[in-house]
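# Overview (structure and organization)
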Amino acid sequence: MLTKFESKSARVKGLAFHPVRPWVCASLHNGVIQLWDYRVGTVIDRFEEHDGPVRGVDFHVSEPFIVSGGDDYKIKVWDYKLRRCLFTLLGHLDYIRTVQFHPNPAQFPWILSASDDQTLRLWDFHKRSCLSVLTGHNHYVMCASFHPSEDLIVSASLDQTVRVWDTTGLRKKQMGESMMDPMAARAATSSTAINVQAELFGTNDVVVKYVLEGHDRGVNWACFHPTLPLLASAADDRQVKLWRMSETKAWEVDTLRGHANNVSSCLFHPKHDLVISNSEDRSIRVWDVSKRVGVQTFRREGDRFWILAAHKSQNLLAAGHDSGMIVFKLERERPASAHGPNNQLYYVRGRELFLHDYGRAQGGVDVPIASLRRVGQQAQTDGIGSAPRYLTYNQHNPSEGNILVCSEIDGGSYELITFSLNNASGSVTDGKRGSCMGPAVFLGRNRFAVLDRHQRQITVKNLQNETTKRVQPPVANVEALFEGGASGRLLLKAEDRAILFEVQSRRVLGEITAPKIKNIIWSPDGSKVAILCKYGVVIADRQLEQLCSIADNVRIKSGAWDVSPTGGTASELFLYTTLNHVKYCLPSGDTGTIRTLDTPLYAIRAVKDQLFCLDREARARVLSIDTTEARFKLALANKKYGQVMHMVKNSRLCGRAIVAYLQSKGFPEVALHFVKEPKTRFRLALACGDIEAAMEAAFALEQQSESGREIWGQLGSEALRQGNHQVVEMSYQRTKDFDRLSFLYSITGDTEKLRKMLKISNMRGDIMGRYHNALLLGDAAERVSVLEASGNLPLAYMCARLHGLAEDAERLKIAIETNDGDMEGLIAKVEACEAANDKSAARLLQPPTPIFRAENWPTLEVPKSALADLTAAAMEDPEEEYTDTAQVAQGASGGEWDDGMDVGFEDAAPAANLAADDDDFDFGGGDDWDDDLGDLGDDFGDAAEVAPPSDDMGVISDDTGFQMPASGRPPASCWVANSSHASDHVAAGGMASALQLLNRQIAASDFSVLQETMMGCYLGSMMSVPGRFRSRSMEDTMNVGIPGSGSMAMPLLRNDGGGHPGPDSLPRTYLNPQDLIAAVRSGYKFFQGGKFNDSKNAFIDVLYKIPMVASSTAQEQNEMKEMLNIAREYITAIRIKGAMAEAGQDPVRATELAAYFTHCNLQPVHLLLTLRTAMGTAFKHKNFIAAASFARRLLELPDMSNERNADLRVKATKVRQKSEQMARNEHQLNYDDTKTFSIDCRDFVPIYQGQPSVSCSYCGSSYSDESMANQVCPTCSFCIVGINTLGLVTG
């Protein structure tokens, strides 16, 4: 039995598989109907309107309907899309046992029901009325079902009979009514009388065809064979009987005996000649119909089985028992197969070994090679796991064919088959057999290796099946052998590892971690290996160094390497299949989905756009696939840019995924070719520096009434970075950013437009704008007018006096004196200022003269990748050597420079770094602008005075050598922009944003407990370098610090190990995961010593510090989440310990708390202490069942084998023996150790699986009382309960 899914619930009384979707519907004894997705193991929906047990359930074939029948005498039809009951059918007078839709509900909208009122009923669910009442049984009718294709119904009753009913009359009547629509009105008038007659006496539309008698006690179940005229019945006489039908009679064929109690249900396997039955003897048995003997038995201790169901099209079965249900298969469906030389495939179908030659005809030809003999009784029955599981072909022997066929019968066995390659089916030698564990593997031309299942040794044998060598594996727990990719090598599977082992030298060549390994697939050239795991794929090189690892949500079924002779994808593209998809994986780690599958297929080989597969019936299939996306990503990763651009122009590559992929890989200019939507085009154009494309998108967005100010602001920022001040001017004009516009005109020397800006500010009444424009123009008279108009007469007087405007100064002097102003002090200040200016040779502030006055500045060279130009991509050489711009300017003509020569990838790196500095351009405030650009102007001015044009440094004035300097950003703004971690915002001083992040991520509410930690983060992120000061600590005065400077605050960074990170900097935090580990260990120590308050404080301190710790690796992130869970569990355990002390006088509560104490997830050494306490408490209060459970768990701990626990081991053994003798609990406890539960962290009661609960968004503490929602969590004491958030951000 291969269990695919298992659920825990109340007793399952009814089961039904969805015909298409991976769903199973279970009706429970507590009145709930559960809809499960058995592939992912989750409950999709629950229906709870029945009052009492629900015993029957079924899916409609095509509509979203479910029918159910229960002990409330009601049949309900549900719509699982609308998630509600559509209607209820009433009529039965007792419990309803089974319900079923007709197999052809489109033609016959019927529902069949069986009831304890000794009748069967047929219902029309379209008309919602009863069609017929089938009477004849004189005891409870336990089940009823339709024949899959004929007009027959079978029913089983406790009157010890099985009845077969003929519904031909009802079918003809229904079809006749549907054809006689003109008579429908008269038929409707008599329908009431017919229904009354049907209720009292039944109808003659359905007649009994056979009555089968033979069981000695009541019959619980009966069913039809899907295709043959056979019946199976199960009864309380512990027997399963087989019956055969003809046109006129039915008779008993045989009786299957073996069950030890009432047989609850039985059915025919949909694909094999098997009968499956289950019983109240806690077993499921499989019977061979042809041999009429039992071939397999599966037992489940403690649970009686009640119901069986089979999927109509898949090899899936389901069984319901006392504590839930299981979905299982009787055997694996993957056909055994192996690659041969060239285009050949060897596989097993049924009991034959076939060769499929892909090259001989369209789709290939199947050639039978040999019949496989099966040894042992179990091997003679198909469908129960007797088929071969592994097939291995000897690739090392070119002269003849050697195949090892391995199966799992009798613990594992192999068979060696040898045949001629020229005439595969002519001369076959077999009979060489032996035992092994897992697959057998060829090591060379004439030897193979098997794993001895008893001693776990590697046994090497020759082709005569003679043992030549025994090798001890390098690890003790080897589970299977796989091919090693070369002669003499093996790949060993050991737990969650794969080990590359050389047999001759007994050396370990490599090792890699891969959980739940299922198969190994080597690439055709042997350079790479794909390790298929249960839920993932690991790709490594031939030395087992990992290249990439991917994970999937569903099980991986198979995989194959691409073997296309052209295109560069051979051994580089790996395709794998899941239950419903074909996907690809590249060694770079890129993945994607190629197509969907209707049924599971097993990939064998991939060539160009064809995938060769085997289905579950071992039939060769060829799928058409489109690997364009994979080839595109592979070409991009291998830097084959000509091929990339050819695919861009000629392939149908589109979608957000491709755009996001190209942008993440640094090729936004390529993504620009795929996108037509203006907003995305605008974003991509800015990313690659294409100003023209960005302008087109901006105009389009402006017409669509998008937020124009933000768009033009971003465009202006990028244009300013490149030095294209004409686009900057247009952007500022459209955003009406007058201050920046004035400054732009000032640094470009456009005084005419600057005067226009002065007029505009005057019209707007903007006093500060007028003053700034006048200052930038150097117009002293205008500045005096602005100061006078704003009422600043003293400042206006000083400005006029200093700039020699005597008339204005005299006029202003009179105005000040008229207003009783203090002219004497003002004149004294002006004279002192003039004297100081004369003494220091100071000059009045005048705007600098711009260096360039052309139409546009020499723009910054935007780094272009090799993909930027479609026409040049095919001829582009990425290794082209870069020529210095100064040399080009001196030695080459301008025409050659302007031909569009692109800078190579390696040389574009500095420009790319410069571009990265200004991605987030600061539009706020003008102070930084004035300081930076003012200095720049002064530098240019000085350079102009010192260096005449004829000087050696004239190259500075060359347009081609000019680059705009990058604008700086404060470290704090970088930290806030680069991180969503609260500690980084705290370090930057952004307390408000940090508190908002904590509230959004973990629903933090009470921040007072985090004050100390947050202050530490803030203070620990900066250091101070002192300035120059006088120190008198010694007798002589000395200078300390940097001359001419004050104290400087310098940031401490955590990502500057390889150099300064620039704008990507992140602050160093004073806490790291090692500090938390030390605190956790301290808590362990206190807990071990019984200092519970100190331990609780230590773990609470860990909870307070975790949100302020930024991790740098995935391992540290996992450690922090693990420490969060540890702290929660120990705090809960300590709180329960305190509650135990308070409840010492209450034996019930004391025992319950002691029991919950043992279910906290503690370290084994601490769990030993809790189990010892719980065992003593339960035994003391005479709750012997609980005491025996605790003693048993205590004795199973590994630490109990230690000598220091010898006394405790003896005591626990005595307690268990005594408790098992008494075997009763003195008190009724709210504790069931057989069910999974979590602990309510407020009331300390169990929350069993399925019960409603709310949990803390940060620490995960659970609470059963939903009133705890929006309350502060008692465990962590600062986060809110019941809010769905993102969760803890650790880095």
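Residues numbered from 1 in each chain as written. Predicted model: local features only at pLDDT ≥ 70, side-chain atom pairs only at ≥ 80, totals over all residues. Heavy atoms only, no water.

### Topic: the overall build of the chain
Helices and strands together make up the secondary structure of the chain, namely 33 helices and 63 strands. Burial analysis of the chain (1291 residues in total) assigns 48% to the buried set. Taking all contacts inside the chain whose residues are at least 6 apart in sequence as the whole, residues at least 24 apart take part in 49%. Summed over its atoms, the accessible surface of the chain is roughly 62300 Å², and 48% of this surface lies on carbon and sulfur atoms. (Helix = DSSP H or I, 4+ residues; strand = E, 2+ residues; numbered from the N terminus. Buried < 20%, exposed > 50% of the residue type's maximum accessible area, 1.4 Å probe, protein only. Contact = heavy atoms within 4.5 Å. Areas by Shrake-Rupley, 256 points an atom, 1.4 Å probe, with all protein chains shown as cover.)

### A word on the packing of aromatic side chains
The final tally for this structure, using the stated rule, is 27 aromatic pairs. The interplanar angle of 70 degrees and the centroid separation of 5.9 Å between the aromatic rings of tyrosine 1104 and phenylalanine 1278 together place this pair among those described as edge-to-face. Here the residue tyrosine 1104 occupies a position in helix α28 (residues 1092-1105), and phenylalanine 1278 occupies one in the segment after β63 (1262-1263), the gap between them amounting to 174 residues. For tyrosine 1104, a relative accessible area of 16% corresponds to the buried category. With a relative accessible area of 0%, phenylalanine 1278 lands in the buried category. Over the face of the ring belonging to tryptophan 251 we find lysine 249, whose NZ or CZ atom lies 5.5 Å from the ring centre. Its end group placed over the ring of phenylalanine 612, arginine 605 keeps NZ or CZ at 5.5 Å from the ring centre. (Phe/Tyr/Trp six-rings, centres within 6.5 Å; stacked < 30°, edge-to-face > 60°. Lys NZ or Arg CZ within 6 Å of the ring centre and 35° of its normal.)

### A closer look at the packing of helix α14 (residues 767-777) against helix α15 (residues 780-789)
Across the interface, α14 lies against α15 with an axial gap of 8 Å and an inter-helix angle of 160 degrees. Classed by the angle they form, the pair α14 and α15 counts as roughly antiparallel. Like other packed secondary-structure pairs, α14 and α15 cross with a definite hand, here left-handed. Here α14 contributes Ile767, Arg770, Tyr771, Ala774 and Leu775 to the contact with α15, which in turn contributes Glu782, Arg783, Ser785, Val786 and Leu787. A per-class count over the contact of α14 with α15 returns 6 nonpolar, 1 polar and 3 charged. (Axes fitted to C-alpha atoms, helices over the stretch in contact; angles between N-to-C directions. Parallel < 35°, antiparallel > 145°, perpendicular 65-115°, else oblique. Left-handed = near helix turned anticlockwise from the far one by under 90°. Nonpolar A, V, L, I, M, F, W, Y, C, P; charged D, E, K, R; others polar.)

### Comments concerning the pattern of salt bridges
Should their charged atoms come close, side chains of opposite charge can pair. Evaluation of the coordinates by the stated rule reveals 36 salt bridges. For arginine 621, the salt bridge is made with aspartate 615, and the minimal N-O distance between the two is 3.9 Å. Residue arginine 621 is classed as partly exposed on the basis of its relative accessible area of 33%. Residues participating in the shared-partner salt-bridge network are Glu6, Arg300 and Asp303. (Salt bridge = Lys/Arg side-chain N within 4 Å of Asp/Glu carboxyl O.)

### As for the sheet that holds strand β39 (residues 458-462)
In a beta sheet, neighbouring strands pair by backbone hydrogen bonds and run either parallel or antiparallel. Taken in spatial order, the 4 strands make up an open sheet running β37-β38-β39-β40, and their pairing is antiparallel. The outermost strands of the open sheet, each flanked by one partner alone, are β37 (441-444) and β40 (467-471). For this sheet, the mean angle separating the axes of adjacent strands, direction not counted, is 30 degrees. Inspection of the sheet shows strand β38 (residues 447-451) paired to β39 by 5 bridges, in the antiparallel sense. Counted as the bridge partner of valine 450 is threonine 459 from β39. (Pairing = 2+ DSSP bridges.)

### Concerning helix α16 (residues 793-802)
Among all positions in α16, only Leu793, Ala796, Tyr797, Cys799 and Ala800 are buried. The buried residues of α16 occupy an angular sector of 165 degrees when the element is viewed end-on, so they sit on one face. Note on α16: the residue one or two positions beyond its end, glycine 804, has a positive phi of about 75 degrees. (Arc of directions from axis to C-beta.)

### Here's the deal with a positive patch on the surface
A cluster of like positive charges, contributed by Arg332, Arg334, Lys516 and Lys518, occupies part of the molecular surface. On the secondary structure map, lysine 518 appears in strand β45 (residues 517-522). (Patch = residues over 30% accessible without salt bridge, like charges linked within 9 Å, V, L, I, M, F, W, Y side chains within 5 Å. Lys, Arg positive; Asp, Glu negative; His and termini not counted. Charge placed at Lys NZ, Arg CZ, Asp CG, Glu CD.)

### Let's talk about the state of the cysteines
Evaluated as defined, the whole model comprises 0 disulfides. Cysteine 1160 takes part in no disulfide bond, and the closest cysteine sulfur to it belongs to cysteine 1241, at a distance of 8.0 Å. (Disulfide = S-S within 2.5 Å.)

### Overview of the environment of glutamine 457
Tracing the chain through its elements places glutamine 457 in the loop between β38 and β39. On the basis of relative accessibility, which here comes to 17%, the residue glutamine 457 falls in the buried class. Linking glutamine 457 and valine 478, residues 21 residues apart in sequence, is a C-alpha distance of 8.6 Å. Once residues within four sequence positions are removed from consideration, glutamine 457 is found in contact with Val450, Leu451, Asp452, Arg470, Val471, Gln472 and Pro473.

### As for the nonpolar core
The tendency in soluble globular proteins is for nonpolar side chains to be buried as a group. Grouped together as the largest cluster of nonpolar side chains are 77 residues, with contacts concentrated most on Ile1106, Ile1136, Phe1190, Leu1194, Tyr1258, Cys1276 and Phe1278. Among the elements that make up this core, the one with the highest residue count is helix α29 (residues 1114-1142) (12 residues). Core analysis: the next-biggest nonpolar cluster, separate from the first, contains 59 residues, Val219, Ala234, Trp287 and Ala319 among them. (Core = buried A, V, L, I, M, F, W, Y, C linked by side-chain atoms within 4.5 Å.)

### Re empty space enclosed by the protein
Rolled over the atoms, a probe sized like a water molecule indicates the empty space that remains. Across all of its chains, the model carries 2 cavities of 30 Å³ or more by this definition. Taken as a whole, the largest cavity holds about 50 Å³ of empty space. Lining the largest cavity, in full, are Ser980, His981, Ala982, Leu998, Gln1001, Ile1002, Pro1107, Gly1287, Leu1288 and Val1289. Roughly 40 Å³ of internal volume is contained in the second largest cavity. (1 Å grid on protein atoms, 1.4 Å probe; cavity = no way out; pocket = protein on both sides within 12 Å on 5 of 7 lines; lining within 4 Å. Points joined across faces, edges and corners; volume = space filled by probe spheres on them.)

### Side note on the sheet that holds strand β41 (residues 478-483)
Sheet architecture is open: 4 strands sit in the order β41-β42-β43-β44, paired in antiparallel fashion. In this open sheet, the two strands that pair with only one neighbour each are β41 and β44 (507-513). When the angles between neighbouring strand axes are averaged without regard to direction, this sheet yields 25 degrees. Note: strand β42 (residues 489-494) against strand β43 (residues 497-502), 6 bridges, orientation antiparallel. If you follow arginine 489 over to β43, its bridge partner there is glutamate 502.

### Details of a nonpolar patch on the surface
The grouping of Met1015, Tyr1018 and Leu1019 at the surface amounts to a nonpolar patch, some 310 Å² of accessible area in total. Mapped onto the elements of the fold, methionine 1015 is located in helix α26 (residues 1011-1019).

### Notes on the side chain of threonine 578
Its location among the elements puts threonine 578 in strand β50 (residues 574-578). In this view, threonine 578 contacts Asp552, Val554, Arg555, Ile556, Lys557 and Leu597; residues no more than four positions away in its chain are not counted.

### Thoughts on the environment of threonine 3
Examined against the element boundaries, threonine 3 turns out to sit in strand β1 (residues 2-8). Threonine 3 sits 323 residues away from isoleucine 326 along the chain, and the two C-alpha atoms are 6.9 Å apart. Contacts of threonine 3, omitting those with residues within four sequence positions, involve Val327 and Phe328.

### Some details on the confidence of the model for the chain
A residue-level look at the chain finds 82% of positions with pLDDT of 70 or above and a mean pLDDT of 80. In this model, residues 178-194 is a region of pLDDT below 50 whose contacts with residues beyond four sequence positions or in other chains number 0 contacts. Below a pLDDT of 50 lies the segment residues 870-964, which in the model reaches 88 contacts outside its immediate sequence neighbourhood of four places, other chains included. (pLDDT = per-residue confidence, 0-100.)

### Considerations on the side chain of glutamine 1001
Along the chain, glutamine 1001 turns up in helix α25 (residues 991-1002). Here serine 980 takes part through its backbone oxygen, which lies 2.9 Å from a polar atom of the side chain of glutamine 1001. When sequence neighbours within four positions are dropped, the list of residues in contact with glutamine 1001 reads Ser980, Thr1285, Leu1286, Gly1287, Leu1288 and Val1289. (Polar contact = N/O pair within 3.5 Å; in protein donor to acceptor, adjacent residues only side chain to side chain.)

### Here's the deal with the pairing of strand β20 (residues 239-245)
The buried count for β20 comes to 6 of 7 residues, which makes it a mostly enclosed element. Sheet topology places strand β19 (residues 230-235) next to β20; 5 bridges connect them, and they run antiparallel. Paired with alanine 232 across the strands is leucine 242, a residue of β20. The hairpin formed by β19 and β20 contains 3 residues between the paired strands, and arginine 238 there has a positive phi angle of roughly 70 degrees. Bridging between β20 and strand β21 (residues 250-257) involves 7 bridges; their strand directions are antiparallel. By the bridge assignment, leucine 242 is partnered in β21 with aspartate 254. In sequence, β20 turns back onto β21 through a hairpin of 4 residues.

### Looking at the packing of helix α31 (residues 1164-1180) against helix α33 (residues 1206-1222)
Two elements in contact, α31 and α33, have axes separated by 11 Å at closest approach and are oriented at 40 degrees. Classified by the angle their axes make, α31 and α33 are oblique. Between α31 and α33 the crossing geometry is left-handed. For the pair α31 and α33, the contacting residues are Leu1168, Arg1172, Met1175 and Phe1179 in the first and Leu1208, Ala1212, Val1215, Lys1218 and Ser1219 in the second. Residues belonging to the contact of α31 with α33 are distributed by class as follows: 6 nonpolar, 1 polar and 2 charged.

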